[in-house]
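Now for the letters of each chain:
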Amino acid sequence: MPFSAPFKPRRAITPFLLSTCLALAACGGSGGSAGAQTNPPPITSQPPAPVAPAQVTFDATTIAKSDPGSTLKPNWAQRGMLQIYVRGYQDSNGDGIGDLKGLISRLDYIKALGVGGIWLMPVNASEDRDHGYAVKDYRGIETDYGSLADMDELLAQAHARGLGVIIDYVINHSATAHPAFQNSIDPASPNRDWYLWQNPKPTGWSIYGGDPWRRASLQIGDQAFFGPFSTQMPDFNLRSRTVMNWHLSNMRFWLNRGVDGFRFDAVGHLIENGPAAWDNQTENHAVMAEVRALTDSYANRYIVCEGPGAPLAFAAANSCASAFAFAHNGQLILAAKGDASALARVAQYPVPGLGKSPDRMATFLSNHDAFAGQRLSDQLGGNLAQNRIAAALMLLQPGVPFIYYGEEIGMNGAANLGGDFKLRTPMSWTADPNRAGFTTGAPFRALSANAATQNVAAQSADPSGLLAHYQGLLALRASRPSLTSGSYESPGVTGAVLSFKRVAGADTTWIAINTGQSADATSLNDLPPNSTWQVLWPKGQASVKADEKGRLLSGIAPGGVWVIGN
């Protein structure tokens, strides 16, 4: 049941009011002759209970659908997505903080990379103005990043280059600074049931090692709100029709402006049913199915969900159009390091449940959250050969591949930071040891530890570098329907070589990847007899022909990728 049942608050003296009363008493009172000190009258009753803050208005108007349409190609997201932390991508005004205008100035680089679109981590006004997931205005832009006009310009410029733009939408919780939450502290507020309040404070709960029930800064009785992630992030009551309608209006606000979809945070936490049933509840799918129905009603939109505890469930149940393939990222990295058991598990991806069209999963190697692992280059110890293997595994297997900004140049995290901050550093555009081409001012955070060597300027000048590897594989992916959305068939592992084929109609592509450190061979065994195949990767090689039994044997260099197509 919802944790927002009404209650009658108990009145109490807050520590602040008590200390104020004592301070006033120590100052003396009226009466007596001038200069005389008199004792205050004794306190015979409790002072008034704390007064809830005045109700604050905010934009809760209902937004009607007004679809501007789409100029993007169908399946644009299937070509690949670049995850961008706007604060850390490019500064345009010298204040040391990345912004939307800076991002606009780098769209040509993103187009040249070869992805189909970008995912912007939260750009809404937020309580901390950095992490971003404590949203305080769902219809406004963080002022450090610019304005709604800047967002409109970003959408126009991205679309002109054939790039889609999805934004983070934080549906599970808001900031405590959000007006709706501040209003809800008052038990009589119309916004009270927007959040999950209880009085008295529940016991027996533990989420991620902590008590998810928090007390507000203005305490009225023993009430507490539900905020498992942080004291700054109270969960919405998504059983409330009013709250859901407001969220849907917020989404229409952005879709009407031309946003091409959303990434949804923490979809496994949307509904709670008690201290032993707070994660991955069935009702979560009903919430997201409603969200997906709204998004699907707009032309050519895409959504992806973060549900680390049950990613397959959100994709297989169709409650999300796509869900991040958590756990698979770790197996990809281990396989790139030469782990044979991990390679066998990678070969069996996607897991049963998605059939031969597994493009609903969203694959990745690293992202903005430390719980998902460090930056790829850090996990690989800077081994660029292994980075190439990991990229090939992700970009050629099924799914919508997401590249974390800087991954394509082998960017490390910051040397002297920990947690999420280590992962969310300024983009390394140049070898400048102080600014890395990110800003003309002082960067808001320490630079990547290897910015001097792994930067866009250096990589762009190297036709055989890591950036060229990503660009080539993304271009290959975009050129083959079988690689963007085809089935996944005939997976097998021989030694350190993984082979499989992708099929979309008449378009067939065979892939073999040598994850080992020595040359190896692979045999493709169920090709049409005597069929001729074009070698798509490496480029510039002559075509090859299967024998009369449909077999094709090829040697592959260590870390090599071999791709053939009909």
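Conventions we followed
Residues numbered from 1 in each chain as written. Predicted model: local features only at pLDDT ≥ 70, side-chain atom pairs only at ≥ 80, totals over all residues. Heavy atoms only, no water. Helix = DSSP H or I, 4+ residues; strand = E, 2+ residues; numbered from the N terminus. Buried < 20%, exposed > 50% of the residue type's maximum accessible area, 1.4 Å probe, protein only. Contact = heavy atoms within 4.5 Å. Areas by Shrake-Rupley, 256 points an atom, 1.4 Å probe, with all protein chains shown as cover. Disulfide = S-S within 2.5 Å. 1 Å grid on protein atoms, 1.4 Å probe; cavity = no way out; pocket = protein on both sides within 12 Å on 5 of 7 lines; lining within 4 Å. Points joined across faces, edges and corners; volume = space filled by probe spheres on them. Nonpolar A, V, L, I, M, F, W, Y, C, P; charged D, E, K, R; others polar. Salt bridge = Lys/Arg side-chain N within 4 Å of Asp/Glu carboxyl O. Phe/Tyr/Trp six-rings, centres within 6.5 Å; stacked < 30°, edge-to-face > 60°. Axes fitted to C-alpha atoms, helices over the stretch in contact; angles between N-to-C directions. Parallel < 35°, antiparallel > 145°, perpendicular 65-115°, else oblique. Pairing = 2+ DSSP bridges. Core = buried A, V, L, I, M, F, W, Y, C linked by side-chain atoms within 4.5 Å. Arc of directions from axis to C-beta. Expected span 1.5 Å × (residues − 1).

A word on the overall build of the protein chain
So, step 1. Of regular secondary structure, the protein chain possesses 16 helices and 21 strands.
So, step 2. Per-residue burial for the protein chain yields a buried fraction of 55% across its 566 residues.
So, step 3. Counting contacts in the protein chain only where the partners sit at least 6 residues apart, residues at least 24 apart contribute 69% of the total.
So, step 4. Here the protein chain displays about 22,000 Å² of accessible surface, and carbon together with sulfur accounts for 55% of that area.

Notes on the state of the cysteines
So, step 1. Applying the stated rule across the entire model yields one disulfide.
So, step 2. Between the sulfur of Cys305 and that of Cys320 lies a disulfide, 2.0 Å long from S to S. Disulfide Cys305 to Cys320: torsion about the S-S bond roughly -85 degrees, handedness left-handed. With a gap of 15 residues between them, Cys305 in strand S10 (residues 302–305) and Cys320 in the loop between helix H8 (311–316) and strand S11 (323–324) connect regions that are remote in the sequence.
So, step 3. Judged by relative accessible area, Cys305 falls into the buried class, the value being 0%.

As for the layout of surface pockets
So, step 1. Of the volumes computed, that of the largest pocket is approximately 540 Å³.
So, step 2. Residue lining of the largest pocket: 27 residues in total, with Phe229, Asp265, Glu306, Asp369 and Phe371 positioned closest to the centre.
So, step 3. Within the lining of the largest pocket, the residues separate by chemical class into ten nonpolar, ten polar and seven charged.

A few points about the pattern of salt bridges
So, step 1. Under the defined criterion, the tally for this structure stands at 20 salt bridges.
So, step 2. Residue Asp67 is joined to Arg301 by a salt bridge in which the shortest nitrogen-to-oxygen separation is 3.5 Å. Here the residue Asp67 occupies a position in the loop between helix H1 (15–26) and strand S1 (81–84), and Arg301 occupies one in the loop between helix H7 (283–296) and S10, the gap between them amounting to 234 residues.
So, step 3. Relative accessible area serves as the criterion here: at 11%, Arg301 is assigned to the buried category.
So, step 4. The shortest N-O distance in the salt bridge between Asp507 and Arg480 comes to 2.9 Å. Remark: Arg480 occurs in the loop between helix H15 (466–479) and helix H16 (481–485) and Asp507 occurs in strand S16 (residues 507–514); sequence separation between them is 27 residues. Each member of the pair, Asp507 as well as Arg480, carries the same accessibility label: buried.

A closer look at the packing of aromatic side chains
So, step 1. Summed over the entire model, instances satisfying the criterion amount to 36 aromatic pairs.
So, step 2. Considering the side-chain rings of Trp205 and Phe226, the 5.3 Å spacing of their centres and the 70 degrees angle between planes classify their relative orientation as edge-to-face. Highlighted residues: Trp205 in the loop between strand S6 (197–198) and strand S7 (213–214) and Phe226 in strand S8 (residues 224–226), separated in sequence by 21 residues.
So, step 3. By relative accessible area, which is 10% here, Trp205 ends up buried.
So, step 4. The class for Phe226 is buried, based on a relative accessible area of 0%.

Points about the packing of helix H4 (residues 148–160) against helix H6 (residues 241–257)
So, step 1. Taken N-terminus to C-terminus, the directions of H4 and H6 make an angle of 55 degrees; their axes are 10 Å apart at the nearest point. With respect to their mutual orientation, H4 and H6 come out oblique. Along its contact with H4, which presents Leu148, Met151, Asp152 and Leu155, the element H6 presents Phe253, Trp254 and Arg257.
So, step 2. The residue inventory of the contact of H4 with H6, partitioned by class, reads five nonpolar, no polar and two charged.

Details of the sheet that holds strand S18 (residues 532–537)
So, step 1. Taken in spatial order, the six strands of this open sheet run S14-S15-S16-S21-S18-S19, and their pairing is antiparallel. Two strands bound the open sheet, and with one partner strand each, they are strand S14 (487–494) and strand S19 (544–545).
So, step 2. Judged from the two bridges that link them, S18 and S19 form a sheet pairing that is antiparallel. Residue pairing for S19: Thr532 is matched across the bridge by Lys545.
So, step 3. Packed onto the sheet, helix H12 (residues 384–396) meets strand S15 (497–504), S16 and strand S21 (561–565) and runs at close to 155 degrees relative to S16.

Re the nonpolar core
So, step 1. The biggest cluster of nonpolar side chains holds 137 residues, and the ones touching the most others in it are Ile110, Leu120, Phe264, Leu396 and Phe402.
So, step 2. Residues in contact with Phe264, not counting those within four places in the same chain, are Tyr169, Ile171, Met251, Met288, Val291, Ile303, Val304, Cys305 and Glu306.
So, step 3. Grouped together as the second largest cluster of nonpolar side chains are twelve residues, Val497, Ala512, Leu527 and Ile556 included.

Points about the pairing of S18
So, step 1. Between the antiparallel neighbours S18 and S19 lie six residues, among them Gly540 with a positive phi of about 85 degrees.
So, step 2. Where S18 lies against S21, three bridges are found, and the strand directions are antiparallel. When the sheet's bridge partners are listed, Val535 is paired in S21 with Ile564.

Quick look at helix H10 (residues 340–347)
Each full turn of the α-helix corresponds to 3.6 residues, which orients residues three or four apart in the same direction.
So, step 1. Taken together, the buried positions of H10 are Ala342, Leu343, Val346 and Ala347. Angular distribution of buried residues about the axis of H10 spans 145 degrees; they occupy a single face of the element.
So, step 2. Residues of H10 that are buried in the fold lie against helix H9 (328–336), S14 and S15.

Overview of H4
So, step 1. Taking 1.5 Å of rise per residue, the 13 residues of H4 would be expected to cover 18 Å, and the 18 Å separating its terminal C-alpha atoms lies within 8% of that figure.
So, step 2. Among the residues of H4, Asp150, Met151, Leu154, Leu155 and Ala158 are the ones counted as buried. Burial along H4 is one-sided: seen end-on, the buried residues are contained in an arc of 140 degrees. Pointing more than 90 degrees away from the buried face of H4 are the exposed residues Ala149 and Ala160.

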